[in-house]
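Residues per chain are reported as follows:
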Amino acid sequence: PAVYEHLLVETRGSVGLVTLNRPKALNALNLALIDELVAALEAFDADEAIGCIVLTGSQKAFAAGVDISMMAGYSYMDVFKSNYLGANWSRLTAIRKPVIAAVAGFALGGGCELAMLCDFIIAADNARFGQPEVKLGVLPGCGGTQRLPRAVSKAKAMDLCLTGRMMDAEEAERAGLVSRVVPLDALLDEALAAATTIASYSQPIVMMIKEAVNRAYETPLAEGLLFERRVFHSAFATDDQKEGMAAFLEKRTPVFKHR
Ligand code: CO8
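Residues numbered from 1 in each chain as written. Predicted model: local features only at pLDDT ≥ 70, side-chain atom pairs only at ≥ 80, totals over all residues. Heavy atoms only, no water.

An unreviewed UniProt entry annotates the chain as enoyl-CoA hydratase originating from Pararobbsia silviterrae. Heading Sequence similarities (unreviewed entry) of the UniProt record for the chain holds this comment: "Belongs to the enoyl-CoA hydratase/isomerase family." In UniProt, the chain has this text filed under Function (unreviewed entry): "Could possibly oxidize fatty acids using specific components." (UniProt positions renumbered as here; feature names shortened; annotations may be inferred.)

Right under this line is the structure:
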């Protein structure tokens, strides 16, 4: 993998691991870091040998938000004309392989939004989530007001966005924002194990699952169900469906062709 200034990028078998690495600023997201993140995720997305991606930060912070020192001096025209953060954020949502966020420590503002943009979040027991933008005289701008109420309840989303308070890992799990909470020391192993499992399955099928689940957020139920059925039918055009079902009947482990 390429070398980046604000990221550590490595592979662990069939898993691509991206670690946000701006420790002096608690991984605050500046434009250079976000450009690098897009490049690193797109490179793994294009790499045939990679089946799943894990995005993580440090033990102290996943990311404490978009870089405030960068934003402080911007005018309306600066952010409007550059479509500030808009284009890159859209590219991150276009990654087709699953991306797991492994979150320890602070995931605040843009950091919380970045975690929510991933396909699911595994949290360490010291994780803290929040949308503190209100304290800075702005509002969440990278999906917080939209993804948070879809992930938790309206009540919880309003509470977090309006008060700017932080929610700990236990509360985040209860609210449905994170899929599992694990001890801090076990976080990376747990995320890599989940990613390795996903990468052992048929890659096109995994992509279809991601696409179909995401569809649930874009369409009325009837349309989503129709989309799912069409994609389900198309799975029967793959040799991996033949292999997966044959292996079950023969009581052996499947060896998927498209991994
Ligand atoms: N931006 C820039 N620098 C940061 C940020 C940040 N978001 N967060 C932390 N840092 C820096 C601190 O300034 C400090 O630097 P230095 O050592 O040079 O003074 C260093 O990281 C360590 O931080 P602290 O000393 O503050 O560490 P503490 O453990 O005392 O506190 C906190 C940790 C509570 C996380 C605290 O740092 C904090 O409150 N940070 C800011 C959190 C925040 O408000 N995040 C939201 C940012 S706004 C945002 O993300 C909006 C996105 C929408 C943009 C949409 C555009 C269209």
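Novice: Looking at this structure, how should I read the overall build of the chain?
Specialist: When helices and strands are tallied, the chain shows 12 helices and 10 strands. By the compact-globule yardstick of 18 Å for 259 residues, the chain fits well, its C-alpha radius of gyration being 19 Å. Its C-alpha atoms give the chain principal-axis dimensions of roughly 60 × 45 × 40 Å. For the chain, the proportion of its 259 residues judged to be buried stands at 45%. Nonlocal contacts in the chain, meaning residues at least 24 apart in sequence, comprise 67% of its contacts between residues at least 6 apart. Accessible surface, the chain as shown: approximately 13500 Å² in total, 59% of it carbon and sulfur. Taken together, the 26 basic and 30 acidic charged side chains of the chain have centroids lying 3 Å from each other. (Helix = DSSP H or I, 4+ residues; strand = E, 2+ residues; numbered from the N terminus. Rg over C-alpha atoms; globule rule 2.2 N^0.38 Å. Buried < 20%, exposed > 50% of the residue type's maximum accessible area, 1.4 Å probe, protein only. Contact = heavy atoms within 4.5 Å. Areas by Shrake-Rupley, 256 points an atom, 1.4 Å probe, with all protein chains shown as cover. Lys, Arg positive; Asp, Glu negative; His and termini not counted. Charge placed at Lys NZ, Arg CZ, Asp CG, Glu CD.)

Novice: Can you walk me through the site of the ligand in this structure?
Specialist: Taken together, 24 residues lie near the ligand, and Lys-24, Ala-64, Val-66, Ile-68 and Gly-110 sit nearest. Between the ligand and Lys-60 there is a distance of 3.4 Å, counted from an oxygen atom to a side-chain nitrogen or oxygen. A distance of 2.9 Å separates a nitrogen atom of the ligand from a polar atom in the backbone of Ile-68. When the free accessible area of the ligand is taken as 1100 Å², the share hidden by the protein chains comes to 61%. Taken together, the residues that form the shell around the ligand break down as 15 nonpolar, four polar and five charged. (Near = heavy atom within 4 Å. Polar contact = N/O pair within 3.5 Å; in protein donor to acceptor, adjacent residues only side chain to side chain. Nonpolar A, V, L, I, M, F, W, Y, C, P; charged D, E, K, R; others polar.)

Novice: I keep staring at the pattern of salt bridges and nothing clicks. Help me out?
Specialist: Side-chain pairing between opposite charges can occur once the charged atoms of the two side chains come close. Under the criterion given, the structure shown has 12 salt bridges. Where Arg-12 meets Glu-10, a salt bridge forms, and the shortest distance between an N and an O atom there is 3.3 Å. The shortest N-O distance in the salt bridge between Asp-119 and Lys-210 comes to 2.8 Å. Taken together, the residues span a long stretch of sequence, with Asp-119 in the loop between helix H5 (110-117) and strand E7 (120-124) and Lys-210 in helix H10 (residues 203-215) at a distance of 91 residues. Overall, the relative accessible area of 12% leaves Lys-210 in the buried class. (Salt bridge = Lys/Arg side-chain N within 4 Å of Asp/Glu carboxyl O.)

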